[in-house]
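# Notes for the structure review
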Amino acid sequence: MLTVTALSCQIGQNTLLRSASATFPAGCVTGLIGPNGAGKSTLLRIMAGLTVPTTGTVLVQGHTLAALTPMERARLLAYMPQDIPPFPPMPVREIASLGRLPYGEGASQAEHHPAVGRALALTGLQALAGRAADQLSGGERARLMLARALSTETPVLLADEAVAALDPAHALSVMHLLRALAAEGRCIVLVIHDLLLATRFCDQLVLMKDGETVKSLPPSGLTEDILQSVYGVTTRRIEQGWVPWDLAKAPR
Amino acid sequence: MKTRGWILNGGLVACIIALSAVSLLWGEHAFSFTQALREWLAGQHTAEAVILGELRLPRMLLAIMVGGSLGLSGAVLQGYLRNPLADPGLLGVSGGAALGAVCVFYTGLAQLGLAILPLGGLAGALVAAALLVMLVGRGGALVLLLAGAALSSFTAALTAMVLNLVPSPYASFEIMRWLMGSLTDRTMLDVLLVLPGVVLGTLLMASSARALDALTMGEDVATTLGFQLKGITGVQMRIVMGTSLAVGSCVAVSGAIGFVGLVVPHLLRGLAGHRPSRLLLPAFLGGATLLLGADVVVRLAATHKELQIGVVTALIGAPVFFHRVIQFRKRGGF
């Protein structure tokens, strides 16, 4: 469970967040949606402890984020950045095992930890465990970033556009995976631009605009009027058609 | 991977022991090692005892400490900056040490005592390190790179200026020779001057090993994995201070010995693996091996004029580096 209250963030002359408040329940996938520059990534970075807010508080599992030590925070929150760094030619398993660093395990011990094997299995990377990470495709790299985050086994996972670099089939499989993780009781927060995936897989959507959290609502509550006011575009709701239904039938 | 690491480190330690033995036992004057050692330990000033204890031993110890520090600093900086071209000279601290030593030469203070030259170098390194820390402030790796580049060009320009102003050509020749790097005629006093910086610097660098692993995922992920990168106790500060202390004190005593910090991590990465923390110990041992080996070559090639060790490391290092560049290109980059 993650709660943010009255968060604001000002860097120089730029106000990145004005007054953001929202609750991200455990066991739910929450999608942070809104136009570019709305403050979604800033909010996620503040929750991950990467950016210090000007005012406001973040509460993680009952703890104030600012009062936690960096290692305590690392064991509660895993963060997947929007940009994937170029990987060194380390084996995939070794990269995934970096998620165990907050537990102070030795390198070899971490590599053989069950959480790493599980993370690789969940992300479908088991067969590639011995491959050099610099030789992976874009989709495999994105899944490896997720595997690294999962191997920490945190109750909260913050992902900045986790599916943006993925093809439709992999995007679907990652969304299914996030759902499964939420079903285990984890709190998943996801910045997402794909409204089809967001409405299909998220339990809750938090809409942001101009540095403010406009609304928290279930996907069914997302109406044409709300999208018009947040994105400034005219939309039409199609309950069935070629895109969502065909993809929904794609194999996991 | 673990066994491979043990074999690699064991092999390097064996090389160091073998080369140290050659360094101590082999020279122009042949004598009984055990007898000379006994005499030196007993504090007798026989010719053999002086050659062993005052010439060969400090030279060997300095080769290990300087080579090790340069290799380790190179591995740490390449890991931290995620740049395979990073080298201890990049931060400008060795430039500061060289400038400090050159100023001591220029002012003629060097004649006042044996310790004045390395102390001048140390002072230069410390001033450069302080400037670097102030310049970087709360900036990240890129700011560190830029600040280091600015500082090293500035110290190089000042060194050139001092060289320009030196009245006698003989003095400028002496300075040039010193700048090329050498372990010749160093004493136990030099060893004692280098030791604190190397020990403290090595400990600081070693303490950042796990953070270097995390940094392979980028600064944001490393931070969320619980590593504080910036600030006074942050990883960046430990790395800057660690490399500055170790490399600064080494350059102050031995002059600028190039290529060790750049090439040793590259040579060993294929054997130690690409995980930055696994490279640190091999890089220290490998640097020590390379410099001990280069020193043996220097002494082997010594005719009427001794080759500077910095020249030898560059001659060994450059072809190795060319080879690595070609390998890199074939692999499609890192």
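None of these values were measured; they are calculated from a predicted model.

A count of helical and extended segments in chain B gives 14 helices and zero strands. Helices (α) and strands (β) of chain B occur, in sequence order from the N terminus, as α-α-α-α-α-α-α-α-α-α-α-α-α-α. Taken over C-alpha atoms, the radius of gyration comes to 20 Å for chain B, in line with the 20 Å a tight globule of 334 residues would show. Across its three principal axes, chain B shows a C-alpha extent of roughly 60 × 50 × 40 Å. The 334 residues of chain B split such that 52% are buried. In chain B, once contacts between residues fewer than 6 apart in sequence are set aside, the share between residues at least 24 apart is 78%. Counting 21 positive and 13 negative side-chain charges, chain B places the averaged centre of each group 15 Å from the other.

So, on to the UniProt feature "domain: ABC transporter" (unreviewed entry) in chain A. Mapped onto this structure's residue numbering, the UniProt feature "domain: ABC transporter" (unreviewed entry) falls at residues 2–235 of chain A. Between the end C-alpha atoms of residues 2–235 of chain A the distance is 31 Å, and the span holds 34% helix and 26% strand.

This next bit is on the confidence of the model for chain B. When pLDDT is averaged along chain B, the result is 88; 97% of the residues meet or exceed 70. The ipTM value of the predicted complex is 0.90, and its pTM value is 0.89.

Residues and elements named next belong to chain A. Inspection of the sheet shows strand β9 (residues 204–209) paired to strand β10 (residues 212–217) by five bridges, in the antiparallel sense. Bridge assignment links methionine 208 to a residue of β10, and that residue is threonine 213. As consecutive antiparallel partners, β9 and β10 are separated by two residues, and within that stretch aspartate 210 has a phi angle of approximately 50°, a positive value.

Time to look at the interface of chain A and chain B. At the interface, 34 residues of chain A touch 22 residues of chain B. Here chain A packs against chain B, burying approximately 2,400 Å² in sum over the two surfaces, 61% of which is carbon and sulfur. Per-residue buried area on chain A facing chain B is highest for Pro89, Leu98 and Leu101 of chain A; these three make up 22% of the total on that side. Where chain A touches chain B, the interface holds four salt bridges. Here glutamate 94 of chain A makes a salt bridge to arginine 275 of chain B, at a shortest N to O gap of 3.7 Å. The interface formed by chain A and chain B includes five residue pairs in polar contact (both at pLDDT 80 or more). Going through the elements one at a time, α1 (40–48), α2 (70–76), β6 (77–80), α3 (92–96), α4 (107–111) and α6 (138–150) of chain A are the ones with two or more residues in the side of chain A that touches chain B. Of the residues belonging to the side of chain A that touches chain B, the class tally is 21 nonpolar, six polar and seven charged.

Let us now look at the nonpolar core. Ranked by internal contacts, the top residues of the largest apolar core, which has 128 residues, are Leu144, Leu157 and Leu178 of chain A together with Tyr80 and Leu132 of chain B. Here this core takes 15 residues from helix α3 (residues 47–81) of chain B, the largest share from any one element. Apart from residues no more than four positions distant in its own chain, leucine 144 of chain A is found in contact with Phe87, Val92, Ile95, Ala96, Leu125, Ala133 and Leu136 of chain A. One finds Cys9, Ala22, Val60 and Leu76 of chain A within the second-largest nonpolar core, a separate group that totals 30 residues.

Attention now goes to helix α4 (residues 93–107) of chain B. All names here are of chain B. Helix length check: α4 (15 residues) gives 21 Å between terminal C-alpha atoms against 21 Å at 1.5 Å per residue, within 8%. Buried residues dominate α4, accounting for eleven of its 15 residues. Buried within α4 are the following residues: Val93, Ser94, Gly95, Gly96, Ala97, Ala98, Leu99, Gly100, Ala101, Val102 and Val104. On its buried face, α4 is in contact with α5 (116–136), α6 (141–165), α7 (169–179) and α11 (235–254). Glycine 108, located one to two residues past α4, shows a positive phi value of around 80°.

Attention now moves to unusual backbone geometry. All names here are of chain A. The phi angle at glutamine 61 is positive, at roughly 50°, despite the residue not being glycine. As for its position among the elements, glutamine 61 is in the loop between β4 (55–60) and β5 (63–64). A positive phi angle, close to 50°, is found at aspartate 210, a residue other than glycine. Looking at the secondary structure, you find aspartate 210 in the loop between β9 and β10.

Right, let's get into the packing of helix α8 (residues 188–206) of chain B against α11 of chain B. Residues and elements named next belong to chain B. At their nearest, the axes of α8 and α11 sit 7 Å apart, and the two run at 160° to each other. With respect to their mutual orientation, α8 and α11 come out roughly antiparallel. For the element pair α8 and α11, the recorded crossing hand is left-handed. On α11, the residues that touch Asp190, Leu193, Val194, Gly197, Val198, Leu200, Gly201, Leu204 and Met205 of α8 are Arg238, Met241, Gly242, Thr243, Leu245, Ala246, Ser249, Cys250 and Val253. Residues that form the contact of α8 with α11 fall into these classes: eleven nonpolar, five polar and two charged.

Bringing the packing of aromatic side chains into the picture now. Under the defined criterion, the tally for this structure stands at one aromatic pair over all chains. Between phenylalanine 105 of chain B and tryptophan 178 of chain B, the aromatic rings sit 6.4 Å apart at their centres with planes inclined by 70°, giving edge-to-face as the arrangement. Separated by 73 residues along the polypeptide, phenylalanine 105 of chain B in helix α4 and tryptophan 178 of chain B in helix α7 bring together distant segments of the chain. Stacked on the ring of tyrosine 103 of chain A, the Lys or Arg arginine 100 of chain A has its end atom at 4.2 Å from the ring centre.

Before going further, it helps to spend a moment on the pattern of salt bridges. Residues and elements named next belong to chain B. Throughout the structure, instances matching the rule amount to 13 salt bridges over all chains. In this structure, aspartate 295 engages arginine 299 in a salt bridge whose closest nitrogen and oxygen atoms are separated by 3.9 Å. With aspartate 295 and arginine 299 both in helix α13 (residues 276–301), this residue pair falls four residues apart, about one helical turn. One exposure class covers both aspartate 295 and arginine 299, and it is buried.

Relative to the elements of secondary structure, arginine 73 of chain A occurs in helix α2. Despite its burial, arginine 73 of chain A remains without a salt bridge, the nearest opposite charge being carried by glutamate 72 of chain A at 9.3 Å. A distance of 3.3 Å separates a polar atom in the side chain of arginine 73 of chain A from the backbone oxygen of threonine 223 of chain B. Beyond its immediate stretch of four places on either side in the chain, arginine 73 of chain A contacts Ala48, Gly49, Leu65 and Leu68 of chain A together with Thr223 of chain B.

So, how was this worked out
- Residues numbered from 1 in each chain as written.
- Chains lettered and ligands numbered in written order.
- Predicted model: local features only at pLDDT ≥ 70, side-chain atom pairs only at ≥ 80, totals over all residues.
- Heavy atoms only, no water.
- Helix = DSSP H or I, 4+ residues; strand = E, 2+ residues; numbered from the N terminus.
- Rg over C-alpha atoms; globule rule 2.2 N^0.38 Å.
- Buried < 20%, exposed > 50% of the residue type's maximum accessible area, 1.4 Å probe, protein only.
- Contact = heavy atoms within 4.5 Å.
- Lys, Arg positive; Asp, Glu negative; His and termini not counted.
- Charge placed at Lys NZ, Arg CZ, Asp CG, Glu CD.
- UniProt positions renumbered as here; feature names shortened; annotations may be inferred.
- pLDDT = per-residue confidence, 0-100.
- Pairing = 2+ DSSP bridges.
- Buried area = accessible area lost by both parts, 1.4 Å probe.
- Salt bridge = Lys/Arg side-chain N within 4 Å of Asp/Glu carboxyl O.
- Polar contact = N/O pair within 3.5 Å; in protein donor to acceptor, adjacent residues only side chain to side chain.
- Nonpolar A, V, L, I, M, F, W, Y, C, P; charged D, E, K, R; others polar.
- Core = buried A, V, L, I, M, F, W, Y, C linked by side-chain atoms within 4.5 Å.
- Expected span 1.5 Å × (residues − 1).
- Axes fitted to C-alpha atoms, helices over the stretch in contact; angles between N-to-C directions.
- Parallel < 35°, antiparallel > 145°, perpendicular 65-115°, else oblique.
- Left-handed = near helix turned anticlockwise from the far one by under 90°.
- Phe/Tyr/Trp six-rings, centres within 6.5 Å; stacked < 30°, edge-to-face > 60°.
- Lys NZ or Arg CZ within 6 Å of the ring centre and 35° of its normal.

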